[in-house]
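# Overview (structure and organization)
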Amino acid sequence: GPKVLQIPSHQIIDMGQMVTLNCDPVSNHLYFYWYKQILGQQMEFLVNFYNGKVMEKSKLFKDQFSVERPDGSYFTLKIQPTALEDSAVYFCASSLGQDTQYFGPGTRLLVL
Amino acid sequence: GDSVTQTEGLVTLTKGLPVMLNCTYQTTYSPFLFWYVQHLNEAPKLLLKSSTDNKRTEHQGFYATLHKSSSSFHLQKSSVQLSDSALYFCALKRTQVVGQLTFGSGTRLQVYA
């Protein structure tokens, strides 16, 4: 089936540093999403993105978070500065339209 | 807001037995329900989906029926295999809207020989 790739698979950084998580969505998909999963908890929606703009975001999408997809390349989630509570697995997803979202394998972020 | 409840955190079974993983939801919108399966260190993969009331949907031996009257979308399989051991997530989206999925907390299915 359609594959979403995420780079890196793991990232360890010091609190206060900036981190960029990269997502390579399915090639013809138009809608892009980020979800956050803290260890042992359910996956929670952060943000979705279409046509160069954020469509909706949750209360978890703090001011320190930003997303972009410059010129059709990677869809990125940037956190600047990072905090300890940002440690989680971040999943990227993409969809062609209203229907199925396809997920990547996640980036495991550890903030020390 | 929308919510999804999965009551079992862990289900352990011997292979060959039937299984049912529970999923109930709350929303004031027309619901679109999904089951995703996630094997260790892999991406969550779509298993089943439905927005049609009282119609059974099947894939890879798993099946589920959306019952709007009881707000449920339970996942079933008549005979589990060792390879079915994984984490199963139920998720909800509002139909006709491109938007977020609301996930349940997940049920880990562990199948033993």
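Whatever comes next refers back to the structure up there.
Residues numbered from 1 in each chain as written. Chains lettered and ligands numbered in written order. Predicted model: local features only at pLDDT ≥ 70, side-chain atom pairs only at ≥ 80, totals over all residues. Heavy atoms only, no water.

### Here we look at the overall build of chain B
Each helix and strand in chain B was counted, giving zero helices and 12 strands. Helices and strands in chain B line up, N terminus first, as β-β-β-β-β-β-β-β-β-β-β-β. Radius of gyration (C-alpha) of chain B: 14 Å, near the 13 Å computed for a compact globule of 113 residues. Counting only residues that meet the buried cut, chain B has 49% of its 113 residues in that class. Of all intrachain contacts in chain B linking residues separated by at least 6 positions in sequence, the fraction that spans at least 24 positions is 55%. (Helix = DSSP H or I, 4+ residues; strand = E, 2+ residues; numbered from the N terminus. Rg over C-alpha atoms; globule rule 2.2 N^0.38 Å. Buried < 20%, exposed > 50% of the residue type's maximum accessible area, 1.4 Å probe, protein only. Contact = heavy atoms within 4.5 Å.)

### Observations regarding the packing of aromatic side chains
Tallied over the entire structure, the rule returns 16 aromatic pairs over all chains. Look at F103(A) and F103(B): their rings are 5.8 Å apart centre to centre, the planes differ by 75°, and that puts the pair in the edge-to-face class. You can see F103(A) sitting in strand 10 (residues 102-103) and its partner F103(B) sitting in strand 11 (residues 102-103), one on each of two chains. The same class applies to F103(A) as to F103(B), namely buried. Positioned above the aromatic ring of Y63(B) is the side chain of R56(B), whose terminal nitrogen or guanidinium carbon lies 3.7 Å from the ring centre. (Phe/Tyr/Trp six-rings, centres within 6.5 Å; stacked < 30°, edge-to-face > 60°. Lys NZ or Arg CZ within 6 Å of the ring centre and 35° of its normal.)

### Some words on the sheet that holds strand 9 (residues 75-77) of chain B
Residues and elements named next belong to chain B. The strand order 3-9-8-7 describes an open sheet built from four strands, whose pairing is antiparallel. With one partner strand each, in any of the chains shown, strand 3 (19-21) and strand 7 (56-59) form the two edges of the open sheet. Between one strand axis and the next, the sheet turns through 20° on average, direction left out of account. Of the pairings in the sheet, the one linking strand 7 to strand 8 (residues 62-65) comprises four bridges and is antiparallel in character. When the sheet's bridge partners are listed, T57 is paired in strand 8 with A64. (Pairing = 2+ DSSP bridges. Axes fitted to C-alpha atoms, helices over the stretch in contact; angles between N-to-C directions.)

### Re unusual backbone geometry
Geometrically, the link from I7(A) to P8(A) is a cis peptide bond, its omega value of -5° lying close to zero. Among the secondary structure elements, P8(A) is positioned in the loop between strand 1 (5-7) and strand 2 (10-13). P81(A) follows Q80(A) through a cis peptide bond whose omega is -5°. Mapping P81(A) onto the fold places it in the loop between strand 8 (75-79) and strand 9 (88-95). If you check the backbone angles, N41(B) has positive phi at about 60° while not being a glycine. Take N41(B): it is sitting in the loop between strand 5 (31-38) and strand 6 (45-50). What makes N41(B) exposed here is its relative accessible area of 56%.

### Side note on the interface of chain A and chain B
In this complex, chain A contributes 20 residues to the contact, which on the side of chain B involves 21 residues. Summed over both sides, the interface of chain A with chain B buries roughly 1,800 Å², with 55% coming from carbon and sulfur. Inspection of the region where chain A meets chain B yields zero salt bridges. Counting only elements with at least two residues in the side of chain A that touches chain B, the list comes to strand 4 (31-37), strand 5 (44-50) and strand 6 (53-57) of chain A. Considering each element in turn, the side of chain A that touches chain B owes the most residues, four residues, to strand 4 of chain A. Broken down by class, the residue content of the side of chain A that touches chain B amounts to nine nonpolar, eight polar and three charged. (Buried area = accessible area lost by both parts, 1.4 Å probe. Salt bridge = Lys/Arg side-chain N within 4 Å of Asp/Glu carboxyl O. Nonpolar A, V, L, I, M, F, W, Y, C, P; charged D, E, K, R; others polar.)

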